[in-house]
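Residues per chain, in single letters:
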Amino acid sequence: MNAHWQKLIGDAEQRSEFFLATLITETGSPAIGSTPTPWGIPDPKPTMFQAATAMACYHNPDSRLHRDPRIVAAYRLALDISCRELNPDGTFDYPYCNFRSAPDTAFIINRIFVTRELIARSLPDPDLAPLLERIDALLETTGRGIMSGGFHTPNHRWACAAALSSCHQLTGKQEFRLAAESYLIEGIDNNADGEYAERSAGNYNVVNNDQMLILARTREDASFLDPIEKNLEMMFCYIDPDGSVFTGNSTRQDRGNRIWPEQYYFHDLNMARLRGRQDFAAMAERIMDRQIAAGQAAPDYLDLVMLHLGCVDYAVTPRGAQASSTAAKATVAATVPDSYCRLFAESGILRGRRGDFSYSLLKNNPVFLHFQSGSLQASLRLGVGFFERRDFIATEL
């Protein structure tokens, strides 16, 4: 078995065993079917995400949890709590801050849709057919909830549009398609650099890529893959010498944090196949090699890899080559660049790297200069303490 495929499955199995061991199953508990939360409040989002990973193991012939009946029983309980926690308007709460939240509902059902497709592929299965009926009913109800809701951050638009597009594909009802298009009409906020509006290389850019992939599949429109491809190209220049992602230009909570790029693994692997990009495959391979070398878990993408790719394979047929050609399928010597100097004009950042040394210049940012040597980071900020001025901020690059 491919070592990376084995790593992906093995870590999914560990997550699934934890889910099975910690799922609240006490009869009479108001939280039965939920995974524990720090505040003791049932939360469908982590519950259904963990259940999705377990269901991926259930459907994977290479997993020791393949066809484990505990998973079906646990998924049934998780579905129960999700239905109980559903608001009358068809939305879920993000119970710590967002109530009757259309985007949080969208994030939940977008993961459920992946599980639904895995289940549908395994039919007829007497254990899963009743689950599928309940899932479909939940998806349509939550789709109507999303139609009536709003959003409060840029990436939420695409989560809602993706969920509504999936609901249209499932039900064939045009109201879902029209609601999705009401979001899409303004155009995708992915600029010429490949950057999204939130500039969140450590988190929300991947969230946006997730939604673009859903839209490409459900709308049968490959143009939604273009923002993903541009974003992954940009990311070649956002990896610092220690392998972490540069986050100093983000407008969100990942800003300034040291974050590793494992969340890009699936999109690099998938886009390598879809667009014939061996450089993306090389990046995916490097990401997983780093996770293994660092003793860190594989990203939680087993269900998506199963759905879109079937398994882990870094051999890519280049675009325009014959798929049957042995030479075309052979892994070429594509490498991830470690020497460059590139200005991302629309994003207001210049990124440079020479092996173990990298630097960044930022526009309209008080912390305008960043250095990194190996894992050692430094940044520069200039300021004065009088009159109306405080920080030096570069307005041009």
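Coordinates for the structure precede this section.
Our subject in this report is the structure included herewith.

Reading guide: rules and limits
- Residues numbered from 1 in each chain as written.
- Predicted model: local features only at pLDDT ≥ 70, side-chain atom pairs only at ≥ 80, totals over all residues.
- Heavy atoms only, no water.
- Helix = DSSP H or I, 4+ residues; strand = E, 2+ residues; numbered from the N terminus.
- Rg over C-alpha atoms; globule rule 2.2 N^0.38 Å.
- Buried < 20%, exposed > 50% of the residue type's maximum accessible area, 1.4 Å probe, protein only.
- Contact = heavy atoms within 4.5 Å.
- Areas by Shrake-Rupley, 256 points an atom, 1.4 Å probe, with all protein chains shown as cover.
- Disulfide = S-S within 2.5 Å.
- Pairing = 2+ DSSP bridges.
- Patch = residues over 30% accessible without salt bridge, like charges linked within 9 Å, V, L, I, M, F, W, Y side chains within 5 Å.
- Salt bridge = Lys/Arg side-chain N within 4 Å of Asp/Glu carboxyl O.
- Expected span 1.5 Å × (residues − 1).
- Arc of directions from axis to C-beta.

## Section: the overall build of the protein
Next, step 1: The helix and strand tally for the protein stands at 13 helices and seven strands.
Next, step 2: A globule of 397 residues ought to have a C-alpha radius of gyration of about 21 Å, and the protein, at 22 Å, matches this closely.
Next, step 3: With respect to the three principal axes, the spread of C-alpha positions in the protein is 65 × 60 × 40 Å.
Next, step 4: Each of the 397 residues in the protein was classed as buried or not, and the buried ones make up 53%.
Next, step 5: A fraction of 66% describes how many contacts in the protein between residues 6 or more apart in sequence connect residues 24 or more apart.
Next, step 6: Total accessible area on the protein is roughly 17,200 Å²; 54% of this is exposed by carbon and sulfur atoms.

## Some words on the state of the cysteines
Next, step 1: Per the counting criterion, the structure on display carries zero disulfides.
Next, step 2: The thiol of Cys237 is unpaired, and the distance to the nearest cysteine sulfur, on Cys341, comes to 9.3 Å.
Next, step 3: The cysteine Cys311 is free of any disulfide, with Cys57 supplying the nearest cysteine sulfur at 16 Å.
Next, step 4: Judged by its relative accessible area of 33%, Cys311 falls in the partly exposed class.

## Comments concerning the pairing of strand 7 (residues 376–381)
It is a general feature of regular strands that their side chains alternate between the two faces of the sheet.
Next, step 1: Two elements, strand 6 (residues 367–373) and strand 7, share six bridges in a ladder whose sense is antiparallel. Its bridge partner lying in strand 7, Val367 is registered against Arg381.
Next, step 2: Once strand 6 ends, the chain turns through two residues before running back antiparallel as strand 7, passing Gly374 with a positive phi of about 60°.

## What to know about a nonpolar patch on the surface
Next, step 1: A grouping of Leu343, Leu361 and Leu397 is seen on the molecular surface, where their side chains present a nonpolar patch of about 230 Å² in accessible area.
Next, step 2: If you trace the backbone, Leu343 turns up in strand 3 (residues 339–344).

## Topic: helix 5 (residues 129–147)
Next, step 1: Taking 1.5 Å as the rise per residue, helix 5 with 19 residues should run 27 Å; its terminal C-alpha atoms sit 28 Å apart, in good agreement.
Next, step 2: All of the buried residues in helix 5 are Leu131, Leu132, Ile135, Leu138, Leu139, Thr142, Gly143, Gly145 and Ile146. Buried residues along helix 5 cover an arc of 150° about the axis, so they all sit on one side.
Next, step 3: For helix 5, the elements touching its buried residues are helix 2 (44–59), helix 3 (69–85), strand 1 (92–94), helix 4 (102–122), helix 6 (154–171) and helix 7 (174–184).

## What about the environment of Asp356?
Next, step 1: Within the secondary structure, Asp356 is located in the loop between strand 4 (349–354) and strand 5 (357–362).
Next, step 2: Under the relative-accessibility criterion, Asp356 is labelled exposed at 56%.
Next, step 3: It is 8.8 Å that separates the C-alpha atoms of Asp356 and Ser375, two residues lying 19 residues apart in sequence.

## Comments concerning helix 8 (residues 204–218)
Next, step 1: Under the 1.5 Å per step criterion, the end-to-end length of helix 8 is 21 Å for 15 residues, consistent within 8% with the ideal 21 Å.
Next, step 2: Most of helix 8 is tucked away: twelve of the 15 residues are buried.
Next, step 3: Listed as buried for helix 8 are Tyr204, Asn205, Val206, Val207, Asn208, Asn209, Gln211, Met212, Leu213, Leu215, Ala216 and Thr218.
Next, step 4: Count one or two residues on from helix 8 and you reach Glu220, which has phi positive near 50°.

Everything listed is a geometric property; what it means functionally is a separate question.
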